[in-house]
Amino acid sequence: MLTDITAARDGALADIEVAATLDDIAALTSRLLGKKGDLAQIKTRLGQLESIDEKKSAGQAINDAMSAVSSALDDRRAVLAADALSARVEAERLDLTEYVGKPTRGHAHLVTQAWERLEDVFIGLGFQVAEGPEVETDWHNFEALNMGEGHPARGEFDTLFVDHVTPDGKVGTTLLRTHTSPVQIRTMIESEPPIYIVAPGRVFRRDTPDATHMPVFHQIEGLVIDRDITMADLAGTIEAFTKAFFGSDFTSRLRPSYFPFTEPSAEFDIQRPDGSWIELGGCGMVHPNVLRAGGLDPEEWSGFAFGFGIDRMAKERHGVEDIRDMYTNDIRFLEQFS
Ligand code: FA5
């Protein structure tokens, strides 16, 4: 029996040595150490041995053989697992050599750069930065800005409504703000004049994207409320801003226009050094109804407001042909504006 045990053990060890994969090891483990394995089969014959000493030494030999086989399986499994890991690491290795010696730094997006520069310029002119929520009430976005329910100007802002039912059962009174002008109302309500603020932020409209329109874009609002503010203050501020932001060879003009929340209203254009004009936004003297909605007495306070597109401004400043290029996140395009 001892010869059988030795033969079974040596056969098992030879099989283990040539196992080539972890699957082979799994199969060998159940074959060699399982109930139907050679050593287990020999064990069933122990009872046939006559003397106790023979049983003892054969039993001991079987146990030794089992543990030799078991530890050989463990060793081979460890070797094969390490090989499999190195093979996987090798297969998944990335070739990063093209980046060696060329450290690159990221930079702020074109629109973020314009946003930050605008804040800097207006802070330099004595303004503070304010902000308001992107999800607004109908009241702040329209009503308080002199656009009551049914006002035709509402239709010009292709509004995205937020599904919402108020406790009194009204639908559609919450929306994604269509402009930064509701920050005017919030600022008037929350702070005492004199007010000199700019409010840059993201706005939303159901506009189809084209070379000059995006459904999500950015505006910067300006609001000044003080005593005896006139249209001349507005024109002077716009001109000072134009020169500080675009350069001293740029100039600005106001063109009569209409906004429900300003009276009189104007469109604000800038002139490039080559003489061509670009429309940047709207502005005007804050309408008395808007001052009242903000809790201010129009007899005591007057002011001006303006709002223009940051994306359009970035586009003009950098000579970008199509506003959509700024949002496709093509690194070859973005890298040009570091
Ligand atoms: C307004 O939104 C007014 N709230 C501006 C205003 C503020 C007037 C304060 C008076 C006083 P308007 O809809 O024209 O106005 O938009 C202002 C600017 O936002 C535009 O001149 C343009 O530069 C930019 N703009 C408008 N729609 C888009 C769009 N879909 N994509 C990119 N920029 C846009």
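Residues numbered from 1 in each chain as written. Predicted model: local features only at pLDDT ≥ 70, side-chain atom pairs only at ≥ 80, totals over all residues. Heavy atoms only, no water.

A.B. asks: Where do I start with the nonpolar core in this structure?
C.D. replies: Burial of nonpolar side chains together is a common tendency in soluble globular proteins. Ranked by internal contacts, the top residues of the largest apolar core, which has 39 residues, are Phe-122, Phe-241, Phe-306 and Phe-308. No other element matches helix H5 (residues 110-124), which puts six residues into this core. Those residues in contact with Phe-308, other than ones at most four positions away along the chain, are Phe-122, His-218, Gln-219, Ile-220, Phe-241, Phe-268, Leu-280, Gly-281 and Met-313. One finds Ile-185, Met-188, Ala-199 and Val-286 within the second-largest nonpolar core, a separate group that totals 24 residues. (Core = buried A, V, L, I, M, F, W, Y, C linked by side-chain atoms within 4.5 Å. Buried < 20%, exposed > 50% of the residue type's maximum accessible area, 1.4 Å probe, protein only. Helix = DSSP H or I, 4+ residues; strand = E, 2+ residues; numbered from the N terminus. Contact = heavy atoms within 4.5 Å.)

A.B. asks: I tried to follow the domain arrangement of the protein chain on my own but got confused; where do I start?
C.D. replies: Interfaces are frequently sized by the accessible area removed from exposure as the parts join. Partitioning the protein chain into structural domains gives domain 1 (2-91) and domain 2 (110-337). Domain 1 and domain 2 are separated by 80 Å when their C-alpha centres are compared. (Domains from an automatic or database assignment.)

A.B. asks: Looking at this structure, I do not really get the sheet that holds strand E4 (residues 174-176). What am I missing?
C.D. replies: Picture the strands of a sheet paired through backbone hydrogen bonds; they go either parallel or antiparallel. Strand order in the open sheet made by the three strands is E2-E4-E3, with antiparallel pairing throughout. Single-partner strands in this sheet number two, and they are strand E2 (135-137) and strand E3 (160-161). Pairing of E3 with E4 involves two bridges; the strand directions are antiparallel. Bridge pairing in E4 places Phe-161 opposite Leu-175. (Pairing = 2+ DSSP bridges.)

A.B. asks: What is the right way to read the site of the ligand from this model?
C.D. replies: His-179, Ser-181, Arg-205, Asp-207 and Met-214 are the nearest of the 24 residues found near the ligand. Here a nitrogen atom of the ligand and a side-chain polar atom of Ser-181 are 2.9 Å apart. One nitrogen or oxygen atom from the main chain of Gly-309 is found 3.4 Å from an oxygen atom belonging to the ligand. Coverage of the ligand by the protein chains reaches 93% of its 680 Å² of free accessible surface. (Near = heavy atom within 4 Å. Polar contact = N/O pair within 3.5 Å; in protein donor to acceptor, adjacent residues only side chain to side chain. Areas by Shrake-Rupley, 256 points an atom, 1.4 Å probe, with all protein chains shown as cover.)

A.B. asks: Sorry, what's going on with helix H2 (residues 22-33) here?
C.D. replies: In a regular helix each residue adds 1.5 Å, so 12 residues correspond to 16 Å; H2 covers 16 Å between its end C-alpha atoms and thus fits that length. Along H2, the residues classified as buried are Ile-25, Leu-28 and Leu-32. Angularly, the buried residues of H2 cover 65 degrees about the axis, an arc narrow enough to put them on a single face. In H2, those exposed residues whose orientation departs by more than 90 degrees from the buried face are Asp-23 and Ser-30. The elements touched by buried residues of H2 are helix H1 (2-18) and helix H4 (52-91). (Expected span 1.5 Å × (residues − 1). Arc of directions from axis to C-beta.)

A.B. asks: I keep staring at the layout of surface pockets and nothing clicks. Help me out?
C.D. replies: Empty pockets left among the atoms are what a rolling probe the size of a water molecule brings to light. Taken as a whole, the largest pocket encloses approximately 710 Å³ of empty space. Taken together, 35 residues make up the lining of the largest pocket; nearest its centre are Arg-205, Gln-219, Phe-259, Gly-281 and Gly-282. Secondary-structure elements contributing two or more residues to the lining of the largest pocket are strand E6 (216-226), strand E7 (251-259), strand E8 (262-271), strand E9 (277-286), strand E10 (302-309) and helix H10 (310-317). In terms of residue count, E9 provides more of the lining of the largest pocket than any other element does, six residues in total. (1 Å grid on protein atoms, 1.4 Å probe; cavity = no way out; pocket = protein on both sides within 12 Å on 5 of 7 lines; lining within 4 Å. Points joined across faces, edges and corners; volume = space filled by probe spheres on them.)

A.B. asks: I keep staring at the pattern of salt bridges and nothing clicks. Help me out?
C.D. replies: Pairing between side chains of opposite charge can happen when their charged atoms approach one another. Scanning the entire structure with this criterion turns up 19 salt bridges. Between Arg-93 and Glu-90 there is a salt bridge whose closest N-O contact spans 3.6 Å. A relative accessible area of 60% places Arg-93 in the exposed class. We note a salt bridge from Arg-154 to Asp-138, for which the minimum N-O separation is 3.0 Å. With Arg-154 in the loop between helix H6 (138-141) and E3 and Asp-138 in helix H6, this residue pair connects regions lying 16 residues apart in the sequence. The class for Arg-154 is buried, based on a relative accessible area of 15%. Ionic contacts of the salt-bridge type, sharing partners, join the residues Arg-253, Arg-255, Asp-269 and Glu-279 into one network. (Salt bridge = Lys/Arg side-chain N within 4 Å of Asp/Glu carboxyl O.)

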